[in-house]
Amino acid sequence: KAFPFFVQIEDNVLVSIRTSHLLYLVLQPFAYRAELNEVIQERSYNFEHKDVPTKLKERGYLVQPDIKDKKAATLQIDLVVQKEAETFVVEVKDWGIQTRLEERPRFDQRRRDIEGIVDGIKYSTKGTDLIPERKPSLTEKITWVKDNPGKIDFDITKTQVKGLIITRVKSPIQEYKGVK
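Now for a look at the structure at hand. Throughout this description, residue numbers start from 1 for each chain and increase along the sequence as written. Local features in this predicted model are restricted to residues whose pLDDT is 70 or higher, and side-chain atom pairs enter the listing and the counts only when it is 80 or higher, whereas totals over whole chains, interfaces and linings include all residues. Only hydrogens and water are set aside; all other atoms, that is, all heavy atoms of the structure, feed into the side-chain values.

### Focus: the overall build of the chain
Okay, so step 1: Helices and strands together make up the secondary structure of the chain, namely four helices and eight strands.
Okay, so step 2: Helix and strand assignments come from DSSP, with helices taken as H or I runs of at least 4 residues and strands as E runs of at least 2, each series counted from the N terminus. When the helices and strands of the chain are placed in sequence order, the string is β-β-α-α-β-β-β-α-β-β-α-β.
Okay, so step 3: Counting contacts in the chain only where the partners sit at least 6 residues apart, residues at least 24 apart contribute 52% of the total.
Okay, so step 4: Accessible surface computed for the chain: about 12,500 Å², of which carbon and sulfur atoms make up 52%. Residue contacts are defined here by distance: any two heavy atoms, one from each residue, within 4.5 Å place the two residues in contact. Note on areas: Shrake-Rupley with a 1.4 Å probe; residue coverage comes only from the protein chains shown.

### Let's talk about the pairing of strand 4 (residues 76-83)
Okay, so step 1: For strand 4, the buried fraction is high: six of the eight residues fall into the buried class.
Okay, so step 2: The pairing of strand 3 (residues 62-68) with strand 4 spans six bridges and is classified as antiparallel. Counterpart to Val 63 in the pairing with strand 4 is Val 81.
Okay, so step 3: Two elements, strand 4 and strand 5 (residues 86-93), share five bridges in a ladder whose sense is antiparallel. Residue pairing across strands places Val 81 opposite Phe 88, the latter belonging to strand 5.
Okay, so step 4: Pairing between strands requires that DSSP locate at least two bridges from one strand to the other. Hairpin connection between strand 4 and strand 5: a loop of two residues separates the two successive antiparallel strands, and Glu 84 in this loop has a positive phi of roughly 55 degrees. Between buried and exposed lies partly exposed: a residue is buried under 20% and exposed over 50% of the maximum accessible area for its type, with that area taken using a 1.4 Å probe on protein chains only.

### Details of the nonpolar core
Okay, so step 1: If you look at the biggest cluster of nonpolar residues, it comprises 18 residues, and the most contacted ones within it are Ile 77, Val 80, Val 89, Val 145 and Ile 152.
Okay, so step 2: When contributions to this core are tallied by element, the ones reaching two or more residues are strand 4, helix 3 (103-119), helix 4 (138-147) and strand 8 (160-167).
Okay, so step 3: Sequence-distant contacts of Val 89, defined by excluding residues within four places in its chain, comprise Ile 77, Leu 79, Leu 138, Lys 141, Ile 142, Val 145, Val 161, Lys 162, Gly 163 and Leu 164.
Okay, so step 4: Here the nonpolar core consists of buried residues drawn from Ala, Val, Leu, Ile, Met, Phe, Trp, Tyr and Cys, with membership extended through side-chain atoms lying within 4.5 Å. Judged by nonpolar contacts, the second largest core, of 10 residues, contains Phe 47, Val 52, Leu 79 and Val 81.

### Considering the sheet that holds strand 8
Okay, so step 1: Ordered by their spatial adjacency, four strands build an open sheet running 3-4-5-8, and the pairing between neighbours is mixed. The open sheet terminates on both sides in strands that have one partner only, identified here as strand 3 and strand 8. Taking the axes of each pair of neighbouring strands and ignoring which way they run, one obtains an average angle of 30 degrees across the sheet.
Okay, so step 2: Most of the contacts of helix 4 go to strand 8, to which it runs at about 140 degrees, and overall it touches strand 3, strand 4, strand 5 and strand 8. Working convention: axes come from line fits to C-alpha atoms, limited for helices to the stretch in contact. Angles between N-to-C directions cover 0 to 180 degrees.

### Considerations on a nonpolar patch on the surface
Okay, so step 1: Any residue with relative accessible area above 30% and no salt bridge may belong to a patch, with like charges joined within 9 Å and the nonpolar Val, Leu, Ile, Met, Phe, Trp and Tyr side chains within 5 Å. Salt bridges are defined by distance alone: a side-chain nitrogen of Lys or Arg within 4 Å of a carboxyl oxygen of Asp or Glu. A cluster of nonpolar residues, Phe 6, Val 13, Val 15, Leu 22, Leu 23, Val 26, Leu 27 and Phe 30, forms a patch on the protein surface that exposes about 700 Å² of accessible area.
Okay, so step 2: Counting residues per element, the ones that place at least two in the nonpolar patch are strand 2 (12-15) and helix 1 (17-31).
Okay, so step 3: Ranked by residue count, the leading element in the nonpolar patch is helix 1, at five residues.
Okay, so step 4: Along the chain, Leu 23 turns up in helix 1.

Take a look at the structure:
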């Protein structure tokens, strides 16, 4: 026995408080999509360009942001950081704000996307089709940093260069192919 979402009594349609709340949860992300996307973009930019570098500096890391290879225009590194004998090539991802629906599929998508960062695959969708696109992998970026120490503001020649992915939300995996 199910209770209907809408009950019509004569010329009146009654909607319970619970039903209106449920409709709000479902429809709110669609009604305010443009505003939500604006907030997501600003928050993502601040996380990558302000929050993460500031926190790493506070913890004693040397930080060089936004490195680009002029020869290979698609190679862009969010951060290279160094502390003591370790240098990290860092990718920063902010997946914190999402609609309130489908939390488990999003968790699985984050796992796929993190593995894609390491493997050099960016995923997008067109309708229901998943479209993989080749991008420079984090391992290629690590190799580029090792091969181009003069492009880094600090001496990395006596350090171990590793990959690191920093996300705002808890990562679904702790390590993948040596990248934490």
